[in-house]
Structure formats: C-alpha cells, structure tokens
Amino acid sequence: MNANYPPVENINFDELNMPEQSDHSADKPEEACGVFGVFAPGEDVAKLTYFGLYALQHRGQESAGIATFDGDEVHLHKEMGLVSQVFNETILNKLPGTLAVGHTRYSTTGSSRVVNAQPAVLQTKRGALALTHNGNLVNTSALREELLQNKHNLLTTTDSEVIAFAIAEEINAGKEWLDGAISAFQRCQGAFSLVIGTPVGMMGVRDPNGVRPLVIGTIGTTEERYVLASETCALDIIGATYLRDVEPGELVWITEQGLASFHWAQQPQRKLCIFEMIYFARPDSIMNSESLYSYRMRIGRQLAKESFVDADIVIGVPDSGIPAAIGYSQESGITYAEGLIKNRYVGRTFIQPTQTMRESGIRMKLNPLKDVLAGKRVIIVDDSIVRGTTSRKLVKALRDAGATEVHMRVSSPPVTHPCFYGIDTDNQDQLIAATKSVEEIAKLLEVDSLAFLSQEGMLQTTKEDPDNFCSACFNGDYPIAIPETIKRSKLMLEPTKV
Ligand code: SF4
C-alpha cells in the first residue's frame, strides 16, 4: 500500500502549477520554520497550538498549519499567511482532539505555495501521520528518487514530504510507529527537528547533529501532558514549564503512558546553529541555560573589546541588534540611544512597494529619529550583514538624519558561506563578504569604519564548548557532508581542471 494524502478541502492542487510568490530578496538570513506540538487530553489542543505558533511567528511567515488527532481521525487546516490570518475561533473549534501539531513556514526547499505548507498529512496502514519539520535535508533528491521508484505519489516539492513518505513507507512495510520512524530517520541526512502526530502519540525528533533546536515542556499538573516546541518562548506563552531539550539523535515518544526516550543515531554530536543564538531565535528564548538576550549583550561587550571606536552614541538595528548595542554601550561607556524606530506591524507583505517607495529604501520598516542622530558621531550595531544592500540604505538614512560620522559594528563574523541546513542565506556569490574584504565592504556601505565580531569572540562568549556549534556560514566547515551537486548549486567552486 502506498501512502496517500487524505482529501483536504483547503488545498488547491492547481497551485502546483502557479508561479512562486515568495519574497526571498530580504537582506537577512531567513529562518526556515517553527514547529510545535502538544499532547494534552482534556485540553483545547488546537488553541494551545495556535498560541504556540503565534510565539514562533518569527521563524516563518509564509504559511501556518495545525493538525489535530481525535482518536483515529485527523483534522487539518493550513493556509498561506500569518498565524493570526490563517486561524480564527471558528476554524480552531473545528479542530478537536487530544494532541495537535503545528507549523509556521518559510520555504527553503520547495516553493512558497499552500500545497507545500505543513503539517504534511499522510495515511498509512496504522492511521494518519502529521509531520512538521524545521531544517533542511541534504539528500532530498536521492530519497525522493527512491520513493518515486517505489511508486509513491509525491505531491509537493518539499523535503518534509519526503520524510513523511519515508516513514509511511516503513510503516506500510509492516513496522510499528517507532521502528518505522527510526528506520526512516536513518535514511535522512541533514538538519531536521520534527514534531509528528499519530493516532497513538506524538514524536519529537532531532537529527544526529541537533542543528535546529527543539525543547520539551510540561503543561498543567499531570506529568502526561507534554509540549514540544522550537523555542522556549512558545512554552511561556501557554504557561508550560521547560523540562529539557530533545538531544541530538534522540526521539521522544509521548503517549498516554508518558514520555519515552530513544537514542537512535550512531554518533550524535552537538552542532547547534550559532545563528540561532545570534539572530534567529527570540531573545527571550532560553538556550544553553540562559536567555539569548544575555548572550547577545555579551557579544556586544565582546565587540566593544575587539573594535572600540570613539563616538557620541551607540544605536542598535531593531530588533535583533538591540541587545548587542546595549552590550557595546556598557563595555565602551558610550551612551546607548534609540536612533531607529521599527514599524512593528509591517510583517511580511506580498504587495511590492511602488518604485518611489523602493527608492526611499528601508524606511517602510525602519525610520531614523532625527533629533537623536543630528550632529552625532554614531555607532550602529547590527547582528549580521549578508548582501549589504540594507546596510547601505541604513547608513544613508542615518547621514540624511544628520549623523556626522557612522561607524558600523556587526555582532557576528562576516558571512562567507551559504547554509544548507534550513536557513536561506543566498548563494555564495551574493554574500558580500565572500568576495570582498572588510575595507572594501566599508567603502561600499559608505561608513567611516566597519568591524565584525571575531569567530573566536562569537564562540567563546557562549557558555558552551565552542565545538558544540555549527558556524559553517562563517568558515565553510560544514558538520554534515553535502553532496557535490548541492554544493555546486550554491557555492562558488573552482572550475574542474581537465
Ligand atoms: S551554516 Fe550557518 S546558518 Fe546554517 S546551520 Fe550552520 S551556522 Fe546556522
């Protein structure tokens, strides 16, 4: 028996032929997804999941979805848009059950269409499975090819669907949920933090390197009620208590009997994406036993130690540059000020601005405060520079507002390599630091000075062993081998000599 999608009313399969509509031109690395799941008989699991996803909105703004399990029955709703646009009370009331899984998506594999939105729901011999995925497989093509040869009707273009079909294939070959899932994970290479719903329980899984985060929480007074989420901020919003992280190469299986743990990977290692710490995850989320706000303040202090420059004020690029700017100010003794105001209600829009608006640059999102900046020597702290286009506009806006000097400090090292593990960082030739020196970038941005945080500073400022992180986009040292064809699609490789 092959796995098949159940009929789902809100998927328009004509969309498979529609052009892509995502705006991937942002000058920042984009996070791939947020995952959430709750096993809580007697609770309104759909509503808890809604709020969990609401807290994870920063991890993906293209689509959102929730699947609930009510015994053998699965209920699904997913659409393009923000969590608050996709769901309302009426829709949530049509999602009954004892467990729910949910997802917010930003596409890195597969286009931005509702058919690619998650959860991916498949029917198997043992009932439905609903899969949510954060990360990116590096062997999608090979796995997809295998599945197609085995006559599975793959309907979407995502690596997440490929994982779901691999599990379904194992289940349909006669395996139990756990054995089947573990066999499927052993066929997957890359980054994957998964939350999977089944009629009998919920799984939380991390790949053997633990590239993307996944945490476990408890809710209510009974121990059998568990929550899984990409970040602790999604536990806080529903009043759940953080229990621990899912370990790299671990599968947790949550059923009426409680939580069981299985270490399924041969050689697990810790390679959490350092960019989660610097920029992607919310500052109020806890990683390595402290809030990311604290880490980001410390890298700001470190930046001031490494690249002090005299100035009148330090400002941060909202929101993610603010803690580092405060740290820089504390270490340097230079006054911190708010020099840029962010329009917090912008969100992601598919409506392109007019040409005149485009020329006025970043002001749709950020507006400089003239009375703070006029006549001042300004240090501006940002969390990263990818292409440099936004930074250039930002510097111009500060000068237009009257800043007499603009010094840029970046609380991460130069991004020289693309990510293959679920973050959209462009191809290598589009990364400004891959082809230009710091001096050349400074000239292009028209700043008076420019400095990046050192790799040592970034890693040693964590409270962890520096080896416990992936920092490949800063040094090209990829912890998970990448097939040559995929490498070639993004990296500027030397031409093959004949
Ligand atoms: S390559 Fe960069 S963005 Fe990708 S997982 Fe590693 S550190 Fe994170």
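Here the structure is a predicted model, which means the values were calculated and not measured.

## Digging into the nonpolar core
Counting 46 residues, the largest nonpolar core has Ile274, Phe275, Ile278 and Tyr421 as its most contacted members. The set of elements that each furnish at least two residues to this core consists of strand 15 (272-273), helix 8 (274-280), helix 9 (292-306), helix 10 (322-332), strand 22 (377-382), helix 16 (455-460), strand 26 (469-470) and helix 17 (472-475). Among the elements that make up this core, the one with the highest residue count is helix 8 (6 residues). Once residues lying within four places of it in the same chain are set aside, the contact partners of Ile278 are Tyr295, Arg296, Ile299, Asp383, Ser411, Ser412, Met458 and Phe474.

## Description of the packing of aromatic side chains
What describes a pair of aromatic rings is the distance from one ring centre to the other and the angle between the planes of the rings. In the structure shown here, the tally under the stated rule is 12 aromatic pairs. Arranged with centres 5.2 Å apart and planes meeting at 50°, the rings of Tyr279 and Phe280 form a pair that is tilted. Exposure remark for Tyr279: the relative accessible area of 18% places this residue in the buried category. Here the aromatic rings of Phe420 and Tyr478 are separated by 5.3 Å at their centres, their planes lie at 70°, and the arrangement is edge-to-face. Placement of the pair is Phe420 in the loop between strand 23 (405-410) and strand 24 (423-424) and Tyr478 in the loop between helix 17 and helix 18 (484-490), with a sequence separation of 58 residues. In terms of burial, Phe420 and Tyr478 fall into one category: buried. By the ring-pair criterion, three or more aromatic residues cluster together here, those being Tyr50, Phe51, Tyr54 and Phe87. In this structure, Lys490 packs its charged tip against the face of Phe420, placed 5.6 Å from the ring centre.

## Brief notes about the confidence of the model for the chain
For the chain, mean pLDDT is 89; residues scoring 70 or higher make up 87% of the total. Contacts of residues 1-25 to residues separated by more than four positions or lying in other chains number 60 contacts, the stretch itself having pLDDT below 50.

The rules we used
- Residues numbered from 1 in each chain as written.
- Predicted model: local features only at pLDDT ≥ 70, side-chain atom pairs only at ≥ 80, totals over all residues.
- Heavy atoms only, no water.
- Core = buried A, V, L, I, M, F, W, Y, C linked by side-chain atoms within 4.5 Å.
- Buried < 20%, exposed > 50% of the residue type's maximum accessible area, 1.4 Å probe, protein only.
- Helix = DSSP H or I, 4+ residues; strand = E, 2+ residues; numbered from the N terminus.
- Contact = heavy atoms within 4.5 Å.
- Phe/Tyr/Trp six-rings, centres within 6.5 Å; stacked < 30°, edge-to-face > 60°.
- Lys NZ or Arg CZ within 6 Å of the ring centre and 35° of its normal.
- pLDDT = per-residue confidence, 0-100.

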